[in-house]
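# Fold and geometry: a report
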Amino acid sequence: MNGSSITSAHLRRGALFLVNIGVPLIVGVWRGEPVAALLGAVVGMLFSFADNDGELLSRLRLLVIDAAVLGVGGLVGWLCRDSAAALWAVFVAITLSVGMAARSGREPLLAGRHGAMAFTVAATIPDFQTYQLWYLVGAFALNAVSRTIDHLLAGPCPMQPAAQLQVPSAQAGWFRFALAFSGAAVVALWIGKTLDPVHTIWVVVTTIVVMQPDARASYRRIIERVLGTFIGVIAAWFITMLFHSAIVICIVIILVAPLIPHHLAQRYWLHTALIALMVLLAYDLTVLSARGIAGLLTERLEDILLGCAIALFGTAAAFPHEAVLGFDQLVGGPPSKE
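I will try to describe carefully the structure that is included in this document. (Residues numbered from 1 in each chain as written. Predicted model: local features only at pLDDT ≥ 70, side-chain atom pairs only at ≥ 80, totals over all residues. Heavy atoms only, no water.)

A word on the nonpolar core. Note on soluble globular proteins: their nonpolar side chains tend to be buried together. The biggest cluster of nonpolar side chains holds 78 residues, and the ones touching the most others in it are Ile21, Ile253 and Ile260. Setting aside residues up to four positions removed in sequence, Ile21 forms contacts with Ala41, Met45, Ile253, Ala257, Ile260 and Met278. (Core = buried A, V, L, I, M, F, W, Y, C linked by side-chain atoms within 4.5 Å. Buried < 20%, exposed > 50% of the residue type's maximum accessible area, 1.4 Å probe, protein only. Contact = heavy atoms within 4.5 Å.)

To continue, consider the environment of Met117. You can see Met117 is positioned in helix H5 (residues 106–124). Residue Met117 is classed as buried on the basis of its relative accessible area, which comes to 13%. The spacing of Met117 and Val204 is 87 residues in sequence and 7.8 Å in space, taken between C-alpha atoms. Residues in contact with Met117, not counting those within four places in the same chain, are Leu46, Val205, Ile208 and Val209. (Helix = DSSP H or I, 4+ residues; strand = E, 2+ residues; numbered from the N terminus.)

The geometry of an aromatic ring pair comes down to the distance between the two centres and the angle between the two planes. Per the counting criterion, the structure on display carries seven aromatic pairs. Ring geometry for Phe17 against Phe49: centres 5.0 Å apart, planes inclined by 75°, an arrangement best described as edge-to-face. In this pair, Phe17 sits in helix H1 (residues 8–30) while Phe49 sits in helix H2 (residues 34–49), placing the two residues 32 residues apart along the sequence. Overall, the relative accessible area of 3% leaves Phe17 in the buried class. Take Phe49: its relative accessible area is 15%, and that puts it in the buried class. Relative to Phe319, the ring of Phe177 has its centre 6.1 Å away and its plane inclined at 35°; by these criteria the two rings are tilted. Here Phe319 lies in the loop between helix H12 (290–318) and helix H13 (322–332) and Phe177 lies in helix H7 (residues 171–193), a separation of 142 residues in the sequence. The exposure class of Phe177 is buried, given its relative accessible area of 2%. Through a chain of ring-to-ring contacts, the aromatic side chains of Trp174, Phe177, Phe181 and Phe319 assemble into a single cluster. Here Arg81 stacks its cationic end above the ring of Trp78, 4.2 Å away from the centre of that ring. (Phe/Tyr/Trp six-rings, centres within 6.5 Å; stacked < 30°, edge-to-face > 60°. Lys NZ or Arg CZ within 6 Å of the ring centre and 35° of its normal.)

What follows deals with the packing of helix H9 (residues 215–242) against helix H11 (residues 268–284). Look at H9 against H11: their axes get within 7 Å of each other, and the N-to-C directions meet at 40°. Between H9 and H11, the crossing angle belongs to the class labelled oblique. When you trace H9 past H11, the crossing you get is right-handed. For the contact of H9 with H11, the class distribution of residues is 13 nonpolar, five polar and four charged. (Axes fitted to C-alpha atoms, helices over the stretch in contact; angles between N-to-C directions. Parallel < 35°, antiparallel > 145°, perpendicular 65-115°, else oblique. Left-handed = near helix turned anticlockwise from the far one by under 90°. Nonpolar A, V, L, I, M, F, W, Y, C, P; charged D, E, K, R; others polar.)

A few words on helix H4 (residues 84–101). Between its first and last C-alpha, H4 extends 25 Å over 18 residues, near the 26 Å set by a 1.5 Å rise per residue. What H4 keeps buried is the set Leu87, Phe91, Ile94, Thr95, Val98, Gly99 and Ala101. Looking straight down H4, one finds that the buried residues subtend no more than 155° of arc, so they occupy a single side. (Expected span 1.5 Å × (residues − 1). Arc of directions from axis to C-beta.)

Put into structure tokens, the structure is as follows:
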């Protein structure tokens, strides 16, 4: 399948992202709960990624696993927020587990990353209202229903093919990657906590998302995430400078949502730009201030650059021999076929 052509699978994935992001967003704005709208839209997006190309029970199984890991990660993070010793110990254990989970394939790595994200958010956000839990439960239920309807109407939904990773071939290589992954995440959390909760979330999430069990793939993600985030925050700033309307911002988010899954494998920079645009616009709904979103331009770029720099050092530590070769190939083009 041509990665640049639009297929029925792309349309179906796009429709699922549209529903799972758009519904909680609209409900939250309509009810005057923009923070919950942001939370519901982001979690709805994460659950949408927790899908595969199998039968319905397999698709729902991954959703349930992802929701359980995300929920447990969030709960543990909330319980650890007032104890520095517990927070650091648990975070190290979680990130080590996520690093080793990469050995088992896409599904454990995806759920593990989402759990680490939830832990970070819950451990650092200043406040959380009980009613916001309903948006989390609603995002899960909406994903389950939309996925079921999609499958009953059209059957299994093919995944977009991803590039083959050159993963470690021995136990020692995987353990080194897990240690480097955890070490990078811990450094990201420490740096973020010296700034503020919002910085913490963006720095940590960037680090754990761009680090792959493949040196060259990690370098490519690092470069493309910086580029994509820059494009996304510029677009968000431009839109909010022109429009000071929640309705217009919601319309833009709804237009962006179905495009997110199509570019994950082939154009990671555009995938990142679309997510950054969506999240920043949803965040702007909580303030409806062009000045507020303009200030985020520098802050988010700082966070992304920090997270990517940390991931860069983490990748070099995980793959000391492949690191230089991978970076040379990335900058100089594809390797020769000799």
